[in-house]
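# Secondary and tertiary structure notes
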Amino acid sequence: MIRVLLVDDHQLFRSGLRLRLEREDGIVPVGEAGTAEQSVIKTRALQPDVVLLDLVLPRRNGADIIPDLLRVSPAAKVLVVSSHTQPTSVRQAITAGARGYVPKRASDTELIEAIRQVAAGERYVDPELGAQLVVADGQPALEPISDREREVLHLLALGYTNQEISQKLYISRRTVDTHRAHVMRKLRLDTRAELVLFALANGLIGAS
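As a starting point, this report considers the structure included with it. Bear in mind the structure is a predicted one, so any value in this text is a computation, not a measurement. (Residues numbered from 1 in each chain as written. Predicted model: local features only at pLDDT ≥ 70, side-chain atom pairs only at ≥ 80, totals over all residues. Heavy atoms only, no water.)

### Observations concerning the overall build of the protein
Threshold: Labels follow the DSSP assignment, with helices taken as runs of H or I lasting at least four residues and strands as runs of E lasting at least two, numbered in each case from the N terminus. Whether two residues are in contact is decided by their heavy atoms, any of which lying within 4.5 Å being enough.
Secondary structure assignment for the protein yields 10 helices and six strands. Of the contacts formed within the protein by residues at least 6 apart in sequence, a portion of 63% connects residues at least 24 apart.

### Brief notes about empty space enclosed by the protein
Put simply, the rule reads: Cavity and pocket criteria rest on a 1 Å grid covering protein atoms alone: a 1.4 Å probe that fits but cannot get out defines a cavity, protein on both sides within 12 Å along at least 5 of 7 lines defines an open pocket, and an atom within 4 Å of a point defines a lining residue. Grid points are joined across faces, edges and corners, and a volume is the space filled by probe spheres set on the points. Under the scheme applied here, ten amino acids are nonpolar (Ala, Val, Leu, Ile, Met, Phe, Trp, Tyr, Cys and Pro), four are charged (Asp, Glu, Lys and Arg), and all others, including Gly, are polar.
Evaluated as defined, the whole model comprises one cavity of 30 Å³ or more. Considering only enclosed or pocket space, the largest cavity measures out at about 50 Å³ in volume. Contributions of two or more residues to the lining of the largest cavity are made by strand S1 (2-7), helix H1 (11-22) and strand S3 (50-53). Sorting elements by how many residues they give to the lining of the largest cavity places H1 first, with three residues. For the lining of the largest cavity, the residue count by class is seven nonpolar, no polar and three charged.

### Observations concerning the pairing of S1
This is how it is decided: Buried means the residue's accessible area, taken with a 1.4 Å probe over protein chains only, is under 20% of the maximum for its type, while exposed means over 50%, and partly exposed covers the values in between. Pairs of strands are assigned from DSSP output, requiring at least two bridges between the strands.
A large share of S1 lies buried, amounting to five of its six residues. Bridge analysis of S1 against strand S2 (residues 27-33) gives six bridges, and the strand direction is parallel. Each bridged residue has a counterpart across the sheet, and for Ile2 the counterpart in S2 is Ile27. Note: S1 against S3, four bridges, orientation parallel. From the neighbouring strand, Leu5 faces S3, where its bridge partner is Val51.

### Section: helix H9 (residues 173-186)
Every α-helix carries 3.6 residues per turn, so stepping three or four residues along brings you back to the same face. Where we set the bar: One less than the residue count of a helix, multiplied by 1.5 Å, gives the span that helix is expected to have.
Look at H9: 20 Å from first C-alpha to last across 14 residues, which is about the 20 Å you get at 1.5 Å a residue. Residues Val176, His179, Val183, Met184 and Lys186 constitute the buried set of H9. With its phi angle positive at about 60 degrees, Arg188 sits one or two positions after the end of H9.

### A look at the environment of Thr178
Along the chain, Thr178 turns up in helix H9. Judged by its relative accessible area of 37%, Thr178 falls in the partly exposed class. On a C-alpha basis, the gap between Thr178 and Glu149 in space is 9.4 Å, while along the polypeptide they are 29 residues apart.

### Considerations on the side chain of Glu24
The line we're drawing: In protein, a polar contact requires one atom able to donate a hydrogen and another able to accept it; more generally it is a pair of N or O atoms within 3.5 Å, and residues adjacent in sequence count only if both atoms are side-chain atoms.
Residue position: Glu24 is located in the loop between H1 and S2. A polar side-chain atom of Glu24 sits 3.0 Å from a polar atom in the side chain of Arg20. With sequence-adjacent residues up to four places away left out, Glu24 is seen in contact with Ile112 and Arg116.

### Description of the nonpolar core
Convention followed: Buried Ala, Val, Leu, Ile, Met, Phe, Trp, Tyr and Cys residues that are joined via side-chain atoms within 4.5 Å together make up what is termed a nonpolar core.
Core analysis: the largest hydrophobic core is formed by 28 residues, its most contacted members being Val51 and Leu53. Of all elements in the fold, only S1, helix H2 (36-46), S3, helix H3 (62-72), strand S4 (77-82), helix H4 (87-96) and helix H10 (192-201) reach the threshold of two or more residues within this core. Broken down by element, this core gets its largest block of residues, five residues, from H3. Setting aside chain neighbours within four positions, we find Leu53 in contact with Val7, Gly62, Ile65, Ile66, Leu69, Val78, Leu79, Val80 and Val81.

The following block contains the structure:
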């Protein structure tokens, strides 16, 4: 059973979402919070499997409290559900520790799938949002990456360290470092969070 905490400052939205989740096999809402402070208290007390978190909360931005939620409940997975769809908002949430990001305009079917994937330890980013993060409108085509660089990208996105990748691929750590640098440069990525989002948007991880 996936235990879910709902965090949103609109009670009507929380009520509707709770009713929808209660009809879903294997998912149970265990609590609600309308502010950042309440969300931390409820997360500590309830230890949910998944926290559905809106970014627009009174007094504090939702992305700012993600580290606090993970501190009081290390096993919880944060799934952002927000009307904010700018690439900057998605990057901030993922960098802060969110495991997924779904826009409020998404269908209930997509949200349920995202909850299940995140609860299973995977990551989920709405495909349209992920595509916006990879290549902005009007940006020139990205330089292609080699098959070996694609392998390194895949393992990095799954969370393997450079040392673990060198052992898996039977190559030196220095070679892994070189491939990683090439991938980040070719794909114009700055952080590991952006690398994960690129892999999600391009089907390299997540849905399988």
